[in-house]
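The chain contents come next:
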Amino acid sequence: MTSTSTADELHHTHVAAGYKAALTNPRISEAAKEHARQQLEVLEGYDDEQKNEHNNRVLGGFKAALHNPNTSEDAKRHAREVLEAAGVDVGDEPSTEESAPSAKPHDQHTARVLAGYKATLHNPKTSEEAKAHAREVLESSM
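In this text, all values refer to a predicted model and were calculated from it rather than measured experimentally.

A. Highlighting the side chain of Thr126. Here Thr126 lies in the loop between helix H4 (105-122) and helix H5 (128-141). Once residues within four sequence positions are removed from consideration, Thr126 is found in contact with Thr120 and Lys131.

Spelled out as structure tokens, the structure:
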């Protein structure tokens, strides 16, 4: 959500509050109260549209969770339940086994650590002692 839409929502909330206050104010004429009722109906339509957009984004997040290989089976099961309760057809969404990442998280971590040692060798600000240690680690990993 952008700051503009947040500001718009806040504005509409304040406007609606003003119209609601007008309805209960004894000093306001019946014509003004009728105008306030009409405007509140328009704003309620705006609120419904905003709620629908929000719900669509929430459901989209649950659907994305089904495709995310880093999402646990428990979380995917919960996402399926929420989507089915909302009437979204989840069909044959992939499970973790079908959508597993090409490298395991541990392998990715190790690759990144080794890349850091390799970068150490090329860094002119790194001491010779640190470079020697990096060489040892890299040689032992091969």
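B. Broad picture of the nonpolar core. Residues Ala65, Leu66, Ala79, Leu83 and Val90 constitute the largest nonpolar core, which totals five residues. At the level of secondary structure, the elements contributing two or more residues to this core comprise helix H2 (30-67) and helix H3 (73-85). Setting aside residues no more than four positions away along its own chain, Val90 makes contact with Leu66, Arg80, Leu83 and Glu84.

C. View of the confidence of the model for the chain. Overall, the prediction assigns the chain a mean pLDDT of 81, with 80% of residues at 70 or greater. Averaged pLDDT values for the elements of the chain fall to 78 in helix H1 (residues 3-24) and rise to 91 in H5. Contacts for the low-pLDDT stretch residues 96-100, under 50 throughout, to residues beyond four places or in other chains number 10 contacts.

D. Structural detail: the pattern of salt bridges. What the rule picks out here adds up to two salt bridges. Linking Arg37 and Glu34 is a salt bridge whose minimum nitrogen-to-oxygen distance equals 3.3 Å. Remark: Glu34 and Arg37 occur in helix H2; sequence separation between them is three residues, near one turn of the helix. Residue classification places Arg37 among the partly exposed positions, given a relative accessible area of 35%. Here Arg77 ties to Asp74 by a salt bridge, and the two come within 2.0 Å at their closest N and O atoms. Note that Arg77 and Asp74 are positioned in helix H3 at a spacing of three residues, about one turn of the helix. Overall, the relative accessible area of 47% leaves Asp74 in the partly exposed class.

E. Examining H5 more closely. With 14 residues, H5 ought to run about 20 Å at 1.5 Å a step, and its terminal C-alpha atoms sit 20 Å apart, in line with that. When H5 is considered as a whole, its buried residues turn out to be Lys131, Ala134, Val137 and Leu138. Along H5, the residues classed as buried sweep out an arc of 125° about the axis, all on the same side. Residues of H5 that are exposed and point over 90 degrees away from its buried face: Glu128, Glu129, Glu136, Glu139 and Ser140.

Parameters at a glance
Counting of residues starts from 1 at the beginning of each chain's written sequence and follows it residue by residue. Since the coordinates come from a predicted model, pLDDT governs what is reported: local features require at least 70, and pairs of side-chain atoms require 80 or more to be given and counted, while whole-chain, interface and lining totals use all residues. Side-chain calculation: all heavy atoms of the structure are included, whereas hydrogens and water are not. We count a stretch as a helix when DSSP gives it H or I for four or more residues in a row; a strand needs E for two or more, and each element gets its number in order from the N terminus. Contacts are assigned to residue pairs that have any heavy atoms within 4.5 Å of one another. Nonpolar cores were defined as sets of buried Ala, Val, Leu, Ile, Met, Phe, Trp, Tyr and Cys residues, with membership established by side-chain atoms within 4.5 Å. Burial classes follow relative accessibility: with a 1.4 Å probe on protein chains only, a residue under 20% of its type's maximum area counts as buried, one over 50% as exposed, and anything between as partly exposed. Scored from 0 to 100, pLDDT records how confident the predictor is in each individual residue. Salt bridges are counted wherever a side-chain nitrogen of Lys or Arg sits within 4 Å of a carboxyl oxygen of Asp or Glu. To estimate the expected span of a helix, subtract one from its residue number and multiply by 1.5 Å. This arc is taken over the directions from the axis of the helix to the C-beta atoms.

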